[in-house]
Structures are given as structure tokens and as C-alpha cells.
Amino acid sequence: MARVVLKDLYKKFDEVVAVNNMNTVIEDQEFVVLVGPSGCGKTTTLRMIAGLEEITAGEIYIGDRKVNDVPPKDRDIAMVFQNYALYPHMNVYDNMAFGLKLRKTPKAEIEKRVSEAAKILAIEELLKRKPKQLSGGQRQRVALGRAIVRNPKVFLMDEPLSNLDAKLRVQMRTEIAKLHKRLNATIVYVTHDQTEAMTMADRIIIMKDGIVQQIGKPQEVYDHPVNIFVAGFIGSPAMNFLDVTVTDKYTLKHKNFEIDTPEKIKKVIDNNNIKGKEVIMGIRPENLEDSAFAQNAKPSNTITANVEVTEPMGAEIYAYLDVDGVLMTARVNPRSQAKYGELLSLYVDLDTIHLFNKETEMAYI
């Protein structure tokens, strides 16, 4: 395996900048996920690493070798596509063996590699079947097997689970994560699904409009988003945002509430000199609770909201709320009596508040 280095990577389509001066190092055996909304440049980045897209400027290294001008077949990478890209007229064995045959790999070696990959992916009994006889999950396993048999330096995966149903996606997420550990592989994985990013990655690269917003471990990005975009993109349901004013007493004042701040937030207020300023407060749905189920709820840590919709989820209720015209989401106790049209008192876990600059949308730290 090998590490991947992207240095000042830049891609422009006519007048559209798809990737803007991207710099990152993907370490050997690391599982890195590129995540972001459609059109953010993540797939273009992957295709440039693969050699399927010419770069406008910058450098790409796989291992110690600069590969800017190296054709895809000589980059020692294997790519797994969203649509599986299997040959319909070939059975599973031949699909997995095809790339090795093109490289004139000895027949005995091909049989050994295909057999080993099939065993890892639990598709040994499918080797004689054609793709049309397979389910979506089985086809994706075959596509993974075709990549595995090549023993590449780097695996590149472009939204490989997006065509699967929800239950199968969860199962295949687990399978790919296990595969990564078993193969000690370097994997660069593209998805727009932040749940996939959070559950699978060693590190996440969050992109927007061709620009890297933040790079970090999943929990690090979740706990310390650098700006409003990252805060709103990572986490499900998304973070709530409210305009508040920082008072001289270190409280956060809104039109219909005023809440205290803990010591760590007071330090942030002092460090950034934002007393008297209007800022954006971020609070995640899981850090809001029906006050009836919060032992230490009091006026200084509660807000009042109008209930718009409730969604019982079994272990919790998603309450969709209106706070003075701003829509918010709370994940509250399943025994909550929150009902449409009623006012709900919400306990705020003050230690989990985030503050953002209203003009730059960057986090105060």
C-alpha cells in the first residue's frame, strides 16, 4: 500500500473551478472519506487521483511517485464505482479475473487471488452466476472483489453504496470497514452521506464549492466544526442555529429567552471580545431535551418553542419546533407529551453550545 499526496491540486472546467488548491496527505493504510454536497468537487478529486480526469494544476503522488502524467492503468490503483460496472456477459469469476487476465497474470495466480477474494467477501457460491442473477449487495461485493484481486496500492471508491437500500447500506458499510482492517488498505472514499463518513472514516475531508472546509477525525469534526457549513453538514439531524446577542453578563439573549454560558464559553467570549455583539448560536438536536425530563432545568438554561411536528422514533422523539420564526429540531425523551400547536420548554445543554461569527460564519474558538 502507499500514501497519497495532493499538492496545490486545482481543476477548472471552462469557467467553473471544481477543485481549488487542495492540499492533503492520505497516509498509508488510512481510510479517508471525501464528503460534501453534490457539486462540491469530491468525485472530481477522486477521478484526478485515478487519472480519469486531467488536472489543471498541482501535483499528485502515489507512494513516492509523481503520477500527473501516468496513465490510469499504471497508477496501481483500483476503483469501485457507484454503478458496479460489471460485464453482463461474464460470470462473477470472469468479472473478478478480467483485469488480471489483461495483465497476463498466470492462471494459477488468478485462481488463487479470485478464490481468496471470494472467501473474504463470502461470495464463493456466486462465482458461476451472471450479474443479472445477483442482488444489488451481491453485485457490489463482486465489484469490491474485482478491486481486491489486483492488490493495488490504493482503493478509490466513488459512492459505492448509493444504489443500495437503507438496510443493505448499513450492512455494506460494516463490510467495507472490516475489509479495510483485514487488508490494511489505503482507501479514498467519496460520499455525500455524512453518516457513511462518520461511521467509516479514519479522517474526513469536508468540501464545499471545490474548497476543503475542514479535515479531521469524525468525532473531532463533529465536536469542533470550524464554520457553520461544517456544523450544519455533519450530524443528523442537522445543528440548529439562532441569532443571539452576547450580553455584558455573559448571557446569550434572544427575543424570547436569555440563557447562561458555562466557563469555557465565557473564555471564548473574552478571547474574541464579543460582548455586546450579535452572534450565531449553534446547538445540536441531541443537546436539547424536554424540560420535564431534565433534572436541572431552570429559566437560565431553557428556551420555549412552539411544536410544529413530532416524529416518534421508538427510542426518542424528533420534535420540529418554531422559535420565533426559526425552525429547530430536538431529539427528546420518548415519553415526552409534546404536541402540535403547544408550547414546549426545552432544556439546553449549555456545555455543548457553539458560537459563530455572523459575518464570516467561522466558529469562535
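Just so you know, these numbers come straight off a predicted model, no measurement behind them. (Residues numbered from 1 in each chain as written. Predicted model: local features only at pLDDT ≥ 70, side-chain atom pairs only at ≥ 80, totals over all residues. Heavy atoms only, no water.)

Visitor: What exactly am I supposed to notice about the overall build of the chain here?
Guide: A count of helical and extended segments in the chain gives 9 helices and 20 strands. For the chain, the spread of C-alpha atoms along the principal axes amounts to about 75 × 45 × 35 Å. A separation of at least 24 residues holds for 67% of the contacts in the chain among residues at least 6 apart in sequence. Total accessible area computed for the chain in this model is approximately 17,700 Å², and 48% of it derives from carbon and sulfur atoms. The chain carries 49 positive and 49 negative side-chain charges, and their two centres are separated by 8 Å. (Helix = DSSP H or I, 4+ residues; strand = E, 2+ residues; numbered from the N terminus. Contact = heavy atoms within 4.5 Å. Areas by Shrake-Rupley, 256 points an atom, 1.4 Å probe, with all protein chains shown as cover. Lys, Arg positive; Asp, Glu negative; His and termini not counted. Charge placed at Lys NZ, Arg CZ, Asp CG, Glu CD.)

Visitor: I tried to follow the sheet that holds strand β18 (residues 326–332) on my own but got confused; where do I start?
Guide: Pairing within the open sheet is antiparallel, and its 5 strands lie in the order β15-β19-β16-β17-β18. The open sheet has two edge strands, β15 (288–290) and β18, and neither has a second partner. On average, each strand axis in the sheet is tilted by 50 degrees relative to the strand beside it, whichever way the strands run. (Pairing = 2+ DSSP bridges. Axes fitted to C-alpha atoms, helices over the stretch in contact; angles between N-to-C directions.)

Visitor: How should the environment of Asp-202 be read in this particular structure?
Guide: Within the secondary structure, Asp-202 sits in the loop between α6 (194–200) and β9 (203–208). C-alpha of Asp-202 to C-alpha of Arg-47: the two residues are 155 residues apart in sequence and 21 Å apart in space. If we ignore the near neighbours within four places in the chain, the residues touching Asp-202 are Gln-29, Glu-30, Phe-31, His-180, Lys-181, Lys-217 and Pro-218.

By themselves these figures say nothing about function.
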